[in-house]
Amino acid sequence: TSGLRKVTDKEKTHKNPELRGSSVVKDGDLNKNKKAAAGPAKSAAPVKKPPRLENVNFGKKWECEYQVGNHNIVIDVKPTQSLYIFKCEDSIITVKGKLNSVTLDNCKKCAVVVDTLIASMDVVNCT
């Protein structure tokens, strides 16, 4: 409340009887409120990042990110590895071998073909 403007006695209706009769808002006050509450700002367009397919975390995790229209992604895996697929569109990912887990995050029209899956397949925010 320390940042709020102080209301003077002239602006208080219970101390100034002239304000009780009229409930008309001045045009200047309306324009101030419209500028302050103009609405949320438009968000910027999402940044396009380069496609990435690499083995990270000391060989325990494959990351496949930002692939668009790529139908020939082939990954050879081991049973201790997991696969994380993020923001891929219209792509087909083929996994050769035995895999621990697969996570699909924020993907559109993606297909995942897995030989053998040990634990789980998670699909998060995909259409």
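Data block above holds the structure.
What this report covers is the structure whose coordinates are included nearby. (Residues numbered from 1 in each chain as written. Predicted model: local features only at pLDDT ≥ 70, side-chain atom pairs only at ≥ 80, totals over all residues. Heavy atoms only, no water.)

1. Regarding the nonpolar core
The condition is simple: Residues belong to a common nonpolar core when they are buried Ala, Val, Leu, Ile, Met, Phe, Trp, Tyr or Cys residues joined through side-chain atoms within 4.5 Å. For every residue, the accessible area obtained with a 1.4 Å probe (protein chains only) is divided by the maximum for its type, and the residue is called buried under 20%, exposed over 50%, and partly exposed between those limits. A run of DSSP states H or I qualifies as a helix once it reaches four residues; a run of E qualifies as a strand once it reaches two. Both are numbered from the N-terminal end. Contacts: residue pairs with any heavy atoms within 4.5 Å of one another.
Ile75, Leu83, Ile85 and Ile93 are the most contacted members of the largest nonpolar core, which totals 14 residues. Contributions of two or more residues to this core are made by strand E2 (61-65), strand E3 (73-76), strand E4 (82-86) and strand E5 (92-105). The contacts of Ile93, once residues within four sequence positions are left out, are Cys64, Ile73, Ile75, Leu83, Ile85, Ala111, Val112 and Val113.

2. Re the packing of aromatic side chains
Definition in use: Within 6.5 Å between ring centres, the rings of Phe, Tyr and Trp (the latter by its six-membered ring) count as paired, and their orientation is classed by plane angle as stacked under 30 degrees, edge-to-face over 60, tilted in between.
This model, assessed by the stated rule, comprises 2 aromatic pairs. Each ring, one from Tyr66 and one from Phe86, has its centre 5.7 Å from the other, and the planes form 85 degrees; the classification is edge-to-face. Here the residue Tyr66 occupies a position in the loop between E2 and E3, and Phe86 occupies one in strand E4, the gap between them amounting to 20 residues. Judged by its relative accessible area of 18%, Tyr66 falls in the buried class. Given the relative accessible area of 18%, Phe86 is considered buried. The structure contains a cluster of three or more aromatic residues connected by ring pairs, namely Tyr66, Tyr84 and Phe86.

3. Observations concerning unusual backbone geometry
Although it is not a glycine, Tyr66 sits at a positive phi angle of roughly 55 degrees. Within the chain, Asp90 stands out as a residue other than glycine whose phi angle is a positive 50 degrees. Tracing the sequence through the fold places Asp90 in the loop between E4 and E5. Assessed through its relative accessible area of 38%, Asp90 is described here as partly exposed.

4. Examining the pairing of E2
For a regular strand, the rule is simple: side chains alternate between the two faces of the sheet. Worth spelling out the cut-off: Strands were regarded as paired on the criterion that DSSP finds at least two bridges between them.
With 4 of 5 residues buried, E2 lies mostly within the body of the structure. Note: strand E1 (residues 52-56) against E2, 5 bridges, orientation antiparallel. In the sheet register, Arg52 faces E2, and the bridge partner there is Glu65. In textbook terms, the turn of a hairpin is the stretch between consecutive antiparallel strands, and for E1 and E2 this stretch comprises 4 residues, one of which, Asn57, has a positive phi near 60 degrees. Bridge count for E2 against E4 is 5 bridges, and the pairing is parallel. Counterpart to Trp62 in the pairing with E4 is Leu83.

5. Topic: the pattern of salt bridges
For the record, the criterion: Should a side-chain nitrogen of Lys or Arg be within 4 Å of a carboxyl oxygen of Asp or Glu, the pair is scored as a salt bridge.
Scanning the model with the defined rule gives 7 salt bridges in all. Here Glu65 and Arg52 are joined by a salt bridge, their closest N and O atoms 3.1 Å apart. Residue Glu65 is located in strand E2, and its partner Arg52 is located in strand E1; the two are separated by 13 residues in the primary sequence. Looking at Glu65, the relative accessible area reads 12%, which means it is buried. Here the residues in one salt-bridge network are Arg52, Glu54, Lys61, Glu63 and Glu65, joined through shared partners.

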